[in-house]
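What follows is each chain in one-letter form.
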Amino acid sequence: MSVLGTSPERSDADAKLRGQAIFGADLSRTGMLWAALARSPVAAGRIRAIDPAPALRGDGVLEVLTSADVPDWRTGVIVSDTPLLAAGSVAYEGEPVAIVVAESRTAAEAGARAVALDIETAEPVSTPEQALEPGARLVHPDWNRFAVAGGEDIGRNGNVVAEVVHDPGDLDEAFAAADIVVEGTYRTPRQYQAHLEPKMALATYESGRFTIEVSHQYPFRLRDRVAQITGVAPSAVRVVGHHIGGGFGAKLDVSLEAFVALLARRFRRPVRMQHTALEERLVAPCRANAIVAVRSAVRRDGTILATDVEIVSDSGAYANNGPALSSIPMFVFGSIYRVGTARIRTRNVYTNTAPTGAYRGVNGPWLVFANERHMDAIADALGRDRRDFRLASLARDGDLMRNGQPLTEASILREAFDRVDELAPWRDIVSRNQAQRGIVSRNQAQRDAGARTSQPAESDADVLRGAGQAAAIWLTNPMPGHATVKLNEDGTATVITSATENGSGAVATGLRQIAAETLGLAADAVTITMPDTDATGYDAGSQGSRTTHVVGRAIADAAADVRTQVLDRASRMLEAAPEDLVITDGVVTVAGVPAASLTLGAVAQAATWSDGPITAGASYVTPTPPHDPACATGMLIKGWPTPTYHLHQAEVSVDTVTGRVTVDRYVVCQEVGRAIHPDAIAGQIQGGVAQGLGFALSERVDLDHGRYVQRTFKAHGLPLAEDVPKVEMIVMEHADPAGPYGAKGAAEPPIVPVAAAVANAVSDAIGVPFDTLPITPEAVLEALEAEPNGETVARAAREPVVNRDGEQERETTGRAS
Amino acid sequence: MQFCRVRSVAEAVDELSRWGTEGRILAGGTDVMPQYLRGEQSPAALIDISGIDGLQGISEVGGVTSIGALVTMRRLATASLVQLRYPALAQAAALVGAWQTQTVATLGGNICSAAATADTLPALLVADAQLMLVSKSGRRRVSLEELLEGPGVTALRPTELLRAVEVEPLGERGAEGYVKVSRRSAMDLAVVGLALRLSVTPSGVISGVRIALCGGARAAHRVPTAESLLLGSQLSGDIDVFGAVGEELARAVGPAVSPEAHYRRRVLRGLFDRLARRCTAQIPGASG
């Protein structure tokens, strides 16, 4: 019986449920020191002096280090622009300036607060728009001296960290041939990962090597980055991973690890650091805020002749992975829906704000928001039903993405539209919402006419309803993974890998199931190790939905090798041909001869004491899909490997009195290749939608002159359990021949289309476009009041006005020119 | 800091007179403890009154209901007497924080902290709440209106303990309710909270109105200018008086100096209409 498609218990469930699991933040060592950072209180300025004396007077404070005491080179994932401690100037609020080492955490934190910083403040470059203004102050006047990994030309120039340009040069022609031009500018704020366990690091230094213990998504990157910063060989750094209390992309790069390493070497004692809640908030590598301007040339029959996309995203004070992420627009525009031609320019710019970074579905939520809001705008301008217009515009099998990569399975998306419609028929929803608008109008008219106000209103007479859709094609991160599978002498198996369990269950369930399936074991007979860079092959971390697909494939290959060894040994023991043997529930049997059997334990023992233990290792990297390398300049992500297909449909109510948006129904149709652990996939979908709803409606990450306005979880406004509906899910399976048993990635994508679907639904409900996030109650009330003459909050503008020939009758609104 | 656990009202007032302004009463702790942990409060003594049985309980004597200072929000939200005779108070208590908060937060705490956003205060104001105060030097009775001097500021003397609250029940031809607008559906402070109590004569004339608000820059307060607009009007009349009251309430919350104040004003207009309709629908014959 197959263990695939079942949902066995997670290997970490019991320990986590009982509070016994040791997370990074739980770690402690005998003789351990603590350190804490004094951080810049201002967004920009020149450091005049740092006086450690007040900190050194504190009980238990051992030392205060500044830039003069640590390596003075700049480092980075792509651009080497980041100093370990600020020297000369500070570029964002929260930038590390000095480090205080003490005997206790309290003493270290008190010391960090006591360090006297004398900083001459400068007017910060607060927004990406400001950064691009002619003559804008340069965030890094010496930007030209920063090295770029691999010497790549990423279009750097002043405040522009990276520029990716795709321009086939035929746009003017297309725009000249257009009947209408639809334009929109879509603005989105940052998004904070809001994981519960703060960032921490613990280092020891022994025999010339660092051991760094963490709860981190990508131990091998940490190994390499700590080596880069401290100036040692990567093999001199060992990273050991522990349970992770959430990351969502925030724990992919180095943060405190290099500091503890240097201090452990300096003091020859274990050193530990951990962010305070405020530090978490101030220096989190948030999803970048962005402005996406889209202009499309459209024919009256609905053909999109061309799309012109101009994107500016905020890198913050340092480049981080912004230059790589700037390639992603290439896989959103003109991929999901057909456009004749497209020009796409993305600029990632420096500002005096905390560096942005990776958050689940990097760049996706705001790119899909822009793409799908724009599709609604075009449908409205054409007077077309929004779903019909999407279906007519959908990419077809064999269509090329902007990088020249063929979409071999685009028709999966069409299937998704059908599947969602079976569950929640669009036409019924649209007509029901239209009827509700009638009730609200009548109620409003009655009130305006001064009718008897004490009359109890018709039920929900001040609630408008709307529906929206959003589609996405998302990738599965291809980066390398490795696994060793060993058959234990008791017949169980152990998988040795540095794949990290970031909460999704990919390691705690999926990878074990893949090994179990191949070896003929129950899932709970497979143990999987915690990450350790000394003990395993390279792993590219818990990111981009890659673990099940990439590491799963490595495990499937290694386990197949182990299986071959088992059958070979058993065939000699049972005197039967290997091809006549079957393995079920840990027992090898000669097919059709139940009496001729051996436990895997017996086979393993026999092997161990004759030929040697049965183990096998395998590696996997997803090959880059075929593409046109000359499609764009500055492009670091060249292809969109192992794509998956997604359609979301949201139904919302808008309270016209309070402006509150309630999500009444939410349907997700997600293609996963093969569902290894259906419950884990359901968890990913429910969680991704919750995070997407926060981005769309309630979370606030506002910047004021480079400083964050909201500084606590409470002010942040994560959605509550009450705010998130039970998501209805349709999981589609189209097996990927390269994936383990057909599995593709499933973790990131559920967040990607959410804000777009919700914004489309709210815009539909009110009849006013919402092109800026978040959609707050204030913004909703403002939109309702902006309606002409306050006549009725429910204009009927959504109804397509189409004449017999299917041509648009009504002149298009302000958005079309 | 000293932690004083007291077992009786007498012990409590002794400690209060000993510590004066240096002492702080601890009941449910949902306000005091976070303030203490954030370093906003550093009293010399925390006087824990949570073990005083005499401050518990809801009783009814001669048509007046007395609610002990330690009665929790959860109790207020679920007690049938409160639901029946003080529905606005039950509704307000059910909207404080979240279930966990409501289980420990007390009515006395909500009153004495006097937060500008305290949900129960508008509901108490429309029930003309009277506060029974006790100190070493004697007893005192103060109306809630008199007690509230500003956000977080009360006329309570440092040596005084709030023992109980007396509230006036809803009349037979009356209705009341509380509505709250906050950013999130739970665990959030009111952007605005609005309580209304109406009494209506058999012929449908509004004979009694109390309207109270919380959530602005000021402490919770009644709005007499809005009340007078409604008083004496015929419920089945054809004047859009609810709209006018909403406008008056919006004026009463003061100038829209911040985006939040602007939002509060906007919301109040429609919010009053919603609450008034909900209330009048409950009065027999009033909507016919």
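Residues numbered from 1 in each chain as written. Chains lettered and ligands numbered in written order. Predicted model: local features only at pLDDT ≥ 70, side-chain atom pairs only at ≥ 80, totals over all residues. Heavy atoms only, no water.

Caption draft 1: Local environment of the overall build of chain B. From N to C terminus, chain B includes twelve helices and 14 strands. Expected size for 288 residues packed as a compact globule is a radius of gyration near 19 Å; at 19 Å, chain B falls within 12% of this value. In terms of overall dimensions, chain B has C-alpha extents of about 60 × 45 × 30 Å along its principal axes. Every one of the 288 residues in chain B was classed for burial, and the buried ones make up 55%. For chain B, the share of sequence-separated contacts (at least 6 apart) that also reach a separation of at least 24 residues comes to 59%. Of the roughly 11,800 Å² of accessible surface on chain B, 52% is carried by carbon and sulfur atoms. Chain B carries 30 positive and 27 negative side-chain charges, and their two centres are separated by 3 Å. (Helix = DSSP H or I, 4+ residues; strand = E, 2+ residues; numbered from the N terminus. Rg over C-alpha atoms; globule rule 2.2 N^0.38 Å. Buried < 20%, exposed > 50% of the residue type's maximum accessible area, 1.4 Å probe, protein only. Contact = heavy atoms within 4.5 Å. Areas by Shrake-Rupley, 256 points an atom, 1.4 Å probe, with all protein chains shown as cover. Lys, Arg positive; Asp, Glu negative; His and termini not counted. Charge placed at Lys NZ, Arg CZ, Asp CG, Glu CD.)

Caption draft 2: Summary view of the pattern of salt bridges. Tallied over the full model, the rule gives 76 salt bridges over all chains. Across the pair A:Glu651 and A:Arg432 runs a salt bridge whose closest N-O atoms are separated by 3.1 Å. Remark: A:Arg432 occurs in helix 13 (residues 426-448) and A:Glu651 occurs in strand 24 (residues 644-655); sequence separation between them is 219 residues. The exposure class assigned to A:Glu651 is buried, which follows from its relative accessible area of 5%. For the salt bridge of B:Glu248 with B:Arg251, the shortest nitrogen-to-oxygen distance reads 3.0 Å. (Salt bridge = Lys/Arg side-chain N within 4 Å of Asp/Glu carboxyl O.)

Caption draft 3: Local environment of the sheet that holds strand 20 (residues 581-584) of chain A. All names here are of chain A. Spatially, three strands are ordered 20-21-22 in an open sheet, and the strand pairing comes out antiparallel. Each edge of the sheet is formed by a strand with only one pairing partner; in this case those strands are strand 20 and strand 22 (593-599). Sheet twist, expressed as the mean angle between neighbouring strand axes with direction ignored, is 30°. Across four bridges, the pairing between strand 20 and strand 21 (residues 587-590) is antiparallel. Opposite Leu-581, over in strand 21, you have Val-590 as the bridge partner. (Pairing = 2+ DSSP bridges. Axes fitted to C-alpha atoms, helices over the stretch in contact; angles between N-to-C directions.)

Caption draft 4: Representation of the nonpolar core in the model. Core analysis: the largest hydrophobic core is formed by 146 residues, its most contacted members being A:Phe333, A:Tyr666, B:Leu194, B:Leu249 and B:Phe272. Ranked by the residues each element gives to this core, the list is headed by helix 10 (residues 364-382) of chain A, at eleven residues. Ignoring anything within four residues of it in the chain, the contact list for B:Phe272 reads B:Leu194, B:Leu196, B:Ile211, B:Leu230, B:Phe242, B:Val245, B:Gly246 and B:Leu249. Counting 47 residues, the second largest nonpolar core, distinct from the first, contains A:Ala516, A:Val550, A:Ala556 and A:Leu598. (Core = buried A, V, L, I, M, F, W, Y, C linked by side-chain atoms within 4.5 Å.)

Caption draft 5: How the structure looks around the packing of helix 17 (residues 678-698) of chain A against helix 19 (residues 754-766) of chain A. Residue and element names in this part refer to chain A. Where helix 17 meets helix 19, the axes come as close as 8 Å, and the angle between the chain directions of the two elements is 50°. Accordingly, the angle class assigned to the pair helix 17 and helix 19 is oblique. By crossing handedness, the relation of helix 17 to helix 19 is classed as right-handed. For the pair formed by helix 17 and helix 19, the contact residues are Gly-688, Val-689, Gly-692, Leu-693, Phe-695, Ala-696 and Leu-697 on the first element and Val-754, Ala-755 and Val-758 on the second. The residue makeup of the contact of helix 17 with helix 19, split by class, is eight nonpolar, two polar and no charged. (Parallel < 35°, antiparallel > 145°, perpendicular 65-115°, else oblique. Left-handed = near helix turned anticlockwise from the far one by under 90°. Nonpolar A, V, L, I, M, F, W, Y, C, P; charged D, E, K, R; others polar.)

Caption draft 6: Layout of the state of the cysteines. All names here are of chain B. Going through the model one piece at a time under the given rule, you end up with zero disulfides over all chains. The closest cysteine sulfur to the non-disulfide-bonded Cys-112 is located on Cys-214, 16 Å from its own sulfur. Residue classification places Cys-112 among the partly exposed positions, given a relative accessible area of 29%. (Disulfide = S-S within 2.5 Å.)

Caption draft 7: Structural context of the side chain of A:Asn320. Residues and elements named next belong to chain A. One can find Asn-320 in the loop between strand 14 (304-316) and helix 9 (322-325). In this structure Asn-320 comes out as buried when scored by relative accessible area, which is 18%. Separated by 3.0 Å, the side chain of Asn-320 and the backbone oxygen of Thr-356 make a polar contact. Excluding residues within four positions of it along the chain, Asn-320 makes contact with Val-77, Ile-78, Asp-253, Pro-285, Thr-356 and Gly-357. (Polar contact = N/O pair within 3.5 Å; in protein donor to acceptor, adjacent residues only side chain to side chain.)

Caption draft 8: Broad picture of the environment of A:Pro141. Residues and elements named next belong to chain A. Within the secondary structure, Pro-141 is located in the loop between helix 4 (128-132) and strand 7 (160-166). Using a relative accessible area of 66% as the deciding quantity, one classes Pro-141 as exposed. Placed 17 residues apart in sequence, Pro-141 and Gly-158 show a C-alpha to C-alpha distance of 7.4 Å.

Caption draft 9: Here's a closer look at the packing of aromatic side chains. This model, assessed by the stated rule, comprises nine aromatic pairs over all chains. Relative to A:Phe210, the ring of A:Tyr205 has its centre 5.1 Å away and its plane inclined at 50°; by these criteria the two rings are tilted. Classification of A:Phe210 as buried rests on a relative accessible area of 1%. The interplanar angle of 85° and the centroid separation of 5.1 Å between the aromatic rings of A:Trp474 and A:Trp640 together place this pair among those described as edge-to-face. One end of the pair, A:Trp474, is in strand 16 (residues 463-474); the other, A:Trp640, is in the loop between strand 23 (615-620) and strand 24, and 166 residues separate them in sequence. The exposure class of A:Trp640 is buried, given its relative accessible area of 0%. Among the aromatic residues, ring-to-ring pairing joins A:Tyr218, A:Phe220 and A:Tyr538 into one connected group. The ring of B:Trp99 has B:Arg74 sitting right over it, with the charged end atom 3.6 Å from the ring centre. (Phe/Tyr/Trp six-rings, centres within 6.5 Å; stacked < 30°, edge-to-face > 60°. Lys NZ or Arg CZ within 6 Å of the ring centre and 35° of its normal.)

Caption draft 10: Representation of the sheet that holds strand 3 (residues 45-48) of chain B. All names here are of chain B. Overall, parallel pairing links the three strands, which are arranged 1-3-2 in an open sheet. Two strands close off the open sheet at either side, each with one partner strand: strand 1 (2-5) and strand 2 (23-26). Strand after strand, the sheet turns through a mean of 25° between neighbouring axes, direction not considered. Judged from the four bridges that link them, strand 1 and strand 3 form a sheet pairing that is parallel. Looking at strand 3, one finds that Arg-5 is bridged to Asp-48. The sheet contacts of helix 1 (residues 9-19) involve strand 1, strand 2 and strand 3, and relative to strand 1 the element is tilted by about 155°.

Caption draft 11: Expanded view of the packing of helix 15 (residues 546-574) of chain A against helix 16 (residues 600-608) of chain A. All names here are of chain A. Their axes nearest at 10 Å, the elements helix 15 and helix 16 cross at an angle of 90°. Put simply, helix 15 runs roughly perpendicular to helix 16. Contacts between helix 15 and helix 16 involve Val-566, Arg-569, Ala-570 and Met-573 on the former and, on the latter, Leu-600, Ala-602, Val-603, Ala-606 and Ala-607. Partitioning the contact of helix 15 with helix 16 into residue classes produces eight nonpolar, no polar and one charged.

Caption draft 12: Up close: unusual backbone geometry. Residue and element names in this part refer to chain A. Residue Pro-774 is bonded to the preceding Leu-773 through a cis peptide linkage, with omega at -5°. Checked against the element boundaries, Pro-774 lands in the loop between helix 19 and helix 20 (777-785). Residues other than glycine seldom take positive phi values, yet Ser-207 does so here, at roughly 50°. Following the sequence through the fold, Ser-207 ends up in the loop between strand 9 (200-206) and strand 10 (209-214). Positive phi is not limited to glycine here, since Asn-320 has a value of about 50°.

Caption draft 13: Quick look at helix 10 of chain A. All names here are of chain A. Given a rise of 1.5 Å per residue, 19 residues ought to cover 27 Å, and the 27 Å separating the end C-alpha atoms of helix 10 matches this to within 8%. Summarising burial for helix 10: 18 of the 19 residues are buried, a large majority. Immediately downstream of helix 10, the backbone of Gly-383 shows phi near 70°, a positive value. (Expected span 1.5 Å × (residues − 1).)

Caption draft 14: Structural context of the domain arrangement of chain B. By the assigned domains, chain B splits into domain 1 (1-52) and domain 2 (174-280). Distance from the C-alpha centre of domain 1 of chain B to the C-alpha centre of domain 2 of chain B: 36 Å. (Domains from an automatic or database assignment.)

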